Each structure stands twice: as C-alpha cells, then as structure tokens.
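As a plain string of letters, each chain reads:
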Amino acid sequence: MPQYYPIFMDLKDQSVLVVGGGNVALRKVQTLLSHGAVVRIVSPKVLPELRTLVDDRTCYWLEKEYSPEDIGEACLVFSCTENEEVNQQVSLDAKTHYRPVNVVDDPEKCSFIVPSIMERGDLNIAVSTGGSSPIVARQIRQELEALYGSEMKEYLSLLKVWRTKVKTSLPPEKRSVFWDRITDGEVRKLIQEDRLSEAEGVIKQCFLSLLD
Ligand SMILES: C[C@@]1(CC(=O)O)c2cc3[nH]c(cc4nc(cc5[nH]c(cc(n2)[C@H]1CCC(=O)O)[C@@](C)(CC(=O)O)[C@@H]5CCC(=O)O)C(CC(=O)O)=C4CCC(=O)O)c(CCC(=O)O)c3CC(=O)O
Ligand SMILES: NC(=O)C1=CN([C@@H]2O[C@H](COP(=O)(O)OP(=O)(O)OC[C@H]3O[C@@H](n4cnc5c(N)ncnc54)[C@H](O)[C@@H]3O)[C@@H](O)[C@H]2O)C=CC1
C-alpha cells in the first residue's frame, strides 16, 4: 500500500463530528478544539471532562446514539465508539458523503489517520508510523520536543518579520547568503539563552552588511 499523504488542514470554524464520548473521543476533541474546530459530539454518554467542555459551551453534545443524518455539514468525521458495527456504519456514511473519516480502532475503515503532533509557535511537526505503532509515533514526538525547545517560537517569529524585509530589500543571491548566515545556529542559540536583543543585533548587522 502507498504511504498516507500528509497535509496541514485549517480547521478554524469548521464543523467536525465526533461519535462517542470516551477516552479516545476526549483525546481527539481536545486536539480539534485547540485547532479552532467547531466540534459536535454524538454519544449517549460522555466523560466528565467532555461534559465540562460542553457546559463551558466549548463544544456541542447531542445526547443520543449515532444516526446517519448526524454527518450533516461535518468536514471531518471521527468514530470513537467501542462498537464495531457503529464504527462501520459511521465509516460507510461518511464515505458515501465524501467526508474524510477516522475510525479509532481500525485503520482499514479510515480514510485518514491522526499523527502525533508537536507545536512550537509556527513550527508544527507531525509524526506518523502509518498505524504500525502509535506508541512509537508518540516516542518520536517526545524526542523531537527535546530537540526543538520553546526558543523555536521566538526564532520563527523573528525570521518571519525579517523575511518580508529581506524579500523587498535584497536581490535573490544576497537573500540566500543572508538566510544561510541567520540560520547557521548562532541566532537560535542566543534566543535559547534569552539574549533576544543580541540575536536581533546579529540579524541587523548581517542585513546591513549585504545592503548596497
Ligand atoms: C491508526 C491510528 C488511528 C487514529 O486514531 O488516527 C491509531 C490506532 C490505535 N491506537 C491504539 C492505541 C493507542 N493510541 C495511543 C495514542 C495515540 N494514537 C494516535 C494515533 C493513532 N492511533 C493512529 C495511527 C498513528 C500512527 O502511528 O501513525 C495518536 C498519535 C494521535 C491521537 O490519537 O490523537 C496518539 C498519540 C498522541 C501523542 O501522545 O502524541 C495510545 C496512548 C499512548 O500511547 O499515548 C494508545 C494506547 C492506549 C490504550 O490502548 O489504552 C490502538 C489500540 C491498539 C494498540 O494498543 O496498539 C489503535 C488501533 C489499532 O492499532 O488497530
Ligand atoms: N486509536 C486509539 O488511540 C485507541 C483506540 N482504542 C479503541 O477505541 C475504542 C474506544 O475507546 P474508548 O474511548 O476508551 O472507549 P469507551 O468505551 O470509553 O467509549 C466509547 C464511547 O462510545 C459511545 N457509544 C457507544 N455506542 C454508541 C452509539 N451507537 N452512538 C454514539 N456513541 C456511542 C459510548 O457512550 C462511549 O462514550 C475502543 O474500541 C478501544 O479498543 C483504544 C485505545 C486507543
């Protein structure tokens, strides 16, 4: 089988359906909410943690068993029940409506699977083992978290600001000299050591040295 095709999807204000209200549903709902999705849970029961999110109006809960019309406007569908028949039905209905679907315990019924993710500001790393071992995906994510610390947030936002300036002020051949120098490790290290103004100084000096 070919590998899954990874994409980064904008879920802000998009409707997402989660069928089931157990631990797996909770994990998926938390990640979906932190990415701005409008989450609808369909389940006769939900865990207290999900109940709190519903009470706080962070997501919606339809207190009932799943039925096909629940697919509604959902741009993504997650089936997180322990009932294989229900999971099979959700998968079929979603596919009939051409909606991407994730079924927790059966990659065969999935049209997409969820990676292990880490975020540091604009840095977003997603790790997948294609379903071979979610635990290994988690471990690799944890190794990457140790490698890329909180400095990445500041580092990337600084580079983003300079990118616009550099694009308009330097010719292409000088731009690559600039970026090679700025990303050679020194600036990131200074930010790591909380020496932000020195980091900015290195960037500024390099920029000025390349201006005609
Ligand atoms: C195929 C996939 C479908 C999907 O869910 O999209 C799938 C399937 C299954 N997972 C199972 C078990 C566990 N999964 C986790 C955790 C995560 N599982 C995630 C993704 C995926 N899981 C997709 C493939 C990802 C890939 O590898 O590419 C993560 C990355 C993302 C997320 O779910 O949000 C998230 C880590 C987040 C993080 O911490 O970074 C833990 C807890 C842990 O270890 O922390 C347990 C043990 C808990 C327990 O068993 O109680 C089982 C049961 C059989 C088994 O035990 O193996 C199946 C079914 C099967 O394999 O048939
Ligand atoms: N992909 C993954 O990461 C993992 C998958 N699993 C598997 O995923 C399944 C779910 O795991 P948990 O959340 O721990 O189970 P759980 O038993 O805590 O939750 C199942 C939920 O489904 C709901 N449900 C049952 N019938 C329904 C219906 N007809 N319509 C709507 N909702 C319905 C229940 O009310 C309950 O809230 C299990 O089969 C488990 O083996 C387990 C661990 C990890």
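In the block above lies the structure referred to throughout.
None of the values given here were measured: they were computed from a predicted structure. (Residues numbered from 1 in each chain as written. Chains lettered and ligands numbered in written order. Predicted model: local features only at pLDDT ≥ 70, side-chain atom pairs only at ≥ 80, totals over all residues. Heavy atoms only, no water.)

## Considerations on the site of ligand 2
Neighbouring residues of ligand 2: 19 residues in total, closest Gly21, Val24, Arg27, Tyr66 and Val104. Lys45 is positioned such that a nitrogen or oxygen atom in its backbone is 3.2 Å from an oxygen atom of ligand 2. Contact with the protein chains covers 68% of the free accessible surface of ligand 2, which is 860 Å². Among the elements that make up the shell around ligand 2, the one with the highest residue count is helix α1 (residues 23-34) (3 residues). (Near = heavy atom within 4 Å. Polar contact = N/O pair within 3.5 Å; in protein donor to acceptor, adjacent residues only side chain to side chain. Areas by Shrake-Rupley, 256 points an atom, 1.4 Å probe, with all protein chains shown as cover. Helix = DSSP H or I, 4+ residues; strand = E, 2+ residues; numbered from the N terminus.)

## Details of helix α2 (residues 48-55)
Turning to α2, its buried residues are Leu50, Leu53 and Val54. An end-on view of α2 places all buried positions within 100 degrees of arc, on one side of the element. Residues of α2 that are exposed and point over 90 degrees away from its buried face: Pro48 and Asp55. Against the buried residues of α2 lie α1, β2 (38-42) and β3 (60-62). Of the residues flanking the end of α2, it is Arg57, one or two places downstream, whose phi is positive at about 60 degrees. (Buried < 20%, exposed > 50% of the residue type's maximum accessible area, 1.4 Å probe, protein only. Arc of directions from axis to C-beta. Contact = heavy atoms within 4.5 Å.)

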